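# Fold and geometry: a report
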Amino acid sequence: MHRDIRRKRQRGFSLVEALAAATLLAVAMMALNMTSISLARGTKTADSYSVATALATEQLEIVRAMPLGSAGQLPGNYSSAGNPLTADGQPGGKFTRTWRISANDTPSIGLRTVVMNVSWTDTTPHTMQLAGYVRCATVPCP
């Protein structure tokens, strides 16, 4: 009888214990996989915001570099909507730039506000906005 007790202690894991351990491991692996997917999406979105900021800054600098009083600095709405851009500003991408130049002397005499918007869609639609100022050719603006 002493021998039977010793054998029961040496049997190892039961099928239920092995199944519970496998289930716990599977749940942990699925959680790790979901975290990895979430991190990858977050990184992709952050990259897109960086591209959008660069595209908005580029267009703002183009407007600022125009000679004072040129047609591209007049109040109004402008767009590259018919020509979506890639990350390096070439045609054929997913980024759309629009910008608005405010009325004369807004926010103050001799200035116009330029508001750049860059929009894109990956899994959801996004818009990034950047604002700056351009001077008028004369003060106050004509």
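Above this note sits the structure.
Residues numbered from 1 in each chain as written. Predicted model: local features only at pLDDT ≥ 70, side-chain atom pairs only at ≥ 80, totals over all residues. Heavy atoms only, no water.

### Overview of the pattern of salt bridges
All chains considered together, the criterion is met by two salt bridges. The salt bridge involving Glu58 is made with Arg97; its shortest N-O contact spans 3.0 Å. Residue Glu58 is located in helix 2 (residues 15-65), and its partner Arg97 is located in strand 2 (residues 96-101); the two are separated by 39 residues in the primary sequence. Assessed through its relative accessible area of 37%, Glu58 is described here as partly exposed. One salt bridge in this structure joins Glu61 and Arg64, with 3.2 Å as the shortest N-O distance. With Glu61 and Arg64 both in helix 2, this residue pair falls three residues apart, about one helical turn. Residue classification places Glu61 among the partly exposed residues on the basis of a relative accessible area of 40%. Look at Arg64 and you get partly exposed, because its relative accessible area is 37%. (Salt bridge = Lys/Arg side-chain N within 4 Å of Asp/Glu carboxyl O. Helix = DSSP H or I, 4+ residues; strand = E, 2+ residues; numbered from the N terminus. Buried < 20%, exposed > 50% of the residue type's maximum accessible area, 1.4 Å probe, protein only.)

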